[in-house]
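# Remarks on the overall topology
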Amino acid sequence: MSSSEFPAETAGDLPAVAPQLRALRRRAGLTLEAAARAAGLSAAHLSRLETGQRQPSLPMLLALARIYSTTVSELLGESVAERDAVVRGADMEPTAAGGWTYRQAGAPGRGMQALRVRVPFGAQGDIVRVHPGEEWLYVLDGRLRLRLGDTTHRLGPGDSAHFDSLTPHRIAAEDPGGLELLFVHTLLQSPTATLCLGPAHPGEAR
């Protein structure tokens, strides 16, 4: 997979990611080539992420978090003094990744990861995801276009979807104003865990 398949973004937005990616890969005992292969990336692309020359998208962060047996929070260099059952909205700083803006909505180190996500119109609408686990989405604001396998669903505020993440899926905002949703996924580990990224096939519903 070539780096041209991913949006070119400035690395300065997430300064903590580059050193964390390298440190966590080494902690997991993976070579650059092995980690890149598991994430569906080229070794050159992962190297650029680790040196801060490229900014990872949210799907990439999710894939690498699974491979390194950690969370997106740790990849971003965020730390919590102690695990608390209550997450205060005022304490959750927004983070930008790959055009999305998200806030942690759950405690780190759990079997599920909860995020509050803002998806702008046109951001990553052509990225197809496949990985082990389950996902649950709940639309807070705007309209969501969700592609599951060969079927396209359109969801509005109050609608939700719960599906097996091994089903190829794609998320996009239906309207120019974007959308906001709650997103919960399981952090299942698998030797073959990958997140497959690539352009949508021509002719698919959009």
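Use the structure listed above.
Read on for an overview of the structure. (Residues numbered from 1 in each chain as written. Predicted model: local features only at pLDDT ≥ 70, side-chain atom pairs only at ≥ 80, totals over all residues. Heavy atoms only, no water.)

### Points about the overall build of the chain
This is how the line gets drawn: Secondary structure is summarised from DSSP: a helix means a run of H or I of at least four residues, a strand means a run of E of at least two, and numbering begins at the N terminus for each. The rule is simple: take the accessible area with a 1.4 Å probe, protein chains only, and divide by the maximum for that residue type; under 20% is buried, over 50% is exposed, in between is partly exposed. To be clear on the numbers: accessible area is Shrake-Rupley with a 1.4 Å probe, and residue cover counts the displayed protein chains and nothing else.
On a plain count of helices and strands, the chain comes out with 5 helices and 9 strands. When the helices and strands of the chain are read in sequence order from the N terminus, they spell out α-α-α-α-α-β-β-β-β-β-β-β-β-β. Expressed as a percentage of its 206 residues, the buried residues of the chain come to 45%. Carbon and sulfur atoms form 53% of the exposed surface of the chain, whose accessible area is close to 9800 Å².

### What about the pairing of strand β7 (residues 160–164)?
What counts here: By definition, two strands form a pair when at least two bridges between them are found by DSSP.
Along β7, the buried face is formed by A161 and F163; none of S160, H162 and D164, which line the opposite face, is buried. The pairing of strand β4 (residues 134–141) with β7 spans 5 bridges and is classified as antiparallel. Along β7, the bridge assignment pairs L137 with A161.

### Points about the nonpolar core
The condition is simple: Throughout, nonpolar core names a set of buried Ala, Val, Leu, Ile, Met, Phe, Trp, Tyr and Cys residues whose side chains join them through atoms within 4.5 Å.
Within the largest apolar cluster, 41 residues are counted, with the highest numbers of intra-cluster contacts made by Y102, L144 and L146. Among the elements that line this core, the one with the most residues is helix α4 (residues 58–67), at 7 residues.

### Describing the packing of aromatic side chains
The condition that has to hold: Here the aromatic set is Phe, Tyr and Trp, taking the six-membered ring for Trp, and pairing holds for ring centres within 6.5 Å; pairs whose planes are under 30 degrees apart are stacked, those over 60 apart are edge-to-face, and all others are tilted.
Inspection of every chain in the model, using the stated rule, returns 1 aromatic pair. With 5.9 Å between their ring centres and 20 degrees between their planes, W136 and Y138 make a pair best called stacked. Residue classification places W136 among the partly exposed residues on the basis of a relative accessible area of 30%.

### Comments concerning the pairing of strand β6 (residues 151–155)
Alignment of strand β5 (residues 144–148) against β6, held across 5 bridges, turns out to be antiparallel. Across the sheet, residue L144 finds its bridge partner in β6, namely L155.

### Let's talk about the sheet that holds β4
Spelled out, the test is: Each axis is a line fitted through C-alpha atoms, taken for helices only over the stretch in contact, and angles between the N-to-C directions span 0 to 180 degrees. Pairs of residues are marked as contacts when any of their non-hydrogen atoms sit within 4.5 Å.
What the 6 strands build is an open sheet, ordered β1-β2-β3-β9-β4-β7; its pairing is antiparallel. Each end of this open sheet is capped by a strand with a single partner; those strands are β1 (95–97) and β7. Put simply, the sheet's adjacent strands are angled 25 degrees from each other on average, direction ignored. In the sheet, strand β3 (residues 112–119) pairs with strand β9 (residues 179–186) via 8 bridges, with the strands oriented antiparallel. In the sheet register, M112 faces β9, and the bridge partner there is T186. Packed onto the sheet, α4 meets β1, β2 (100–104) and β9 and runs at close to 15 degrees relative to β9.

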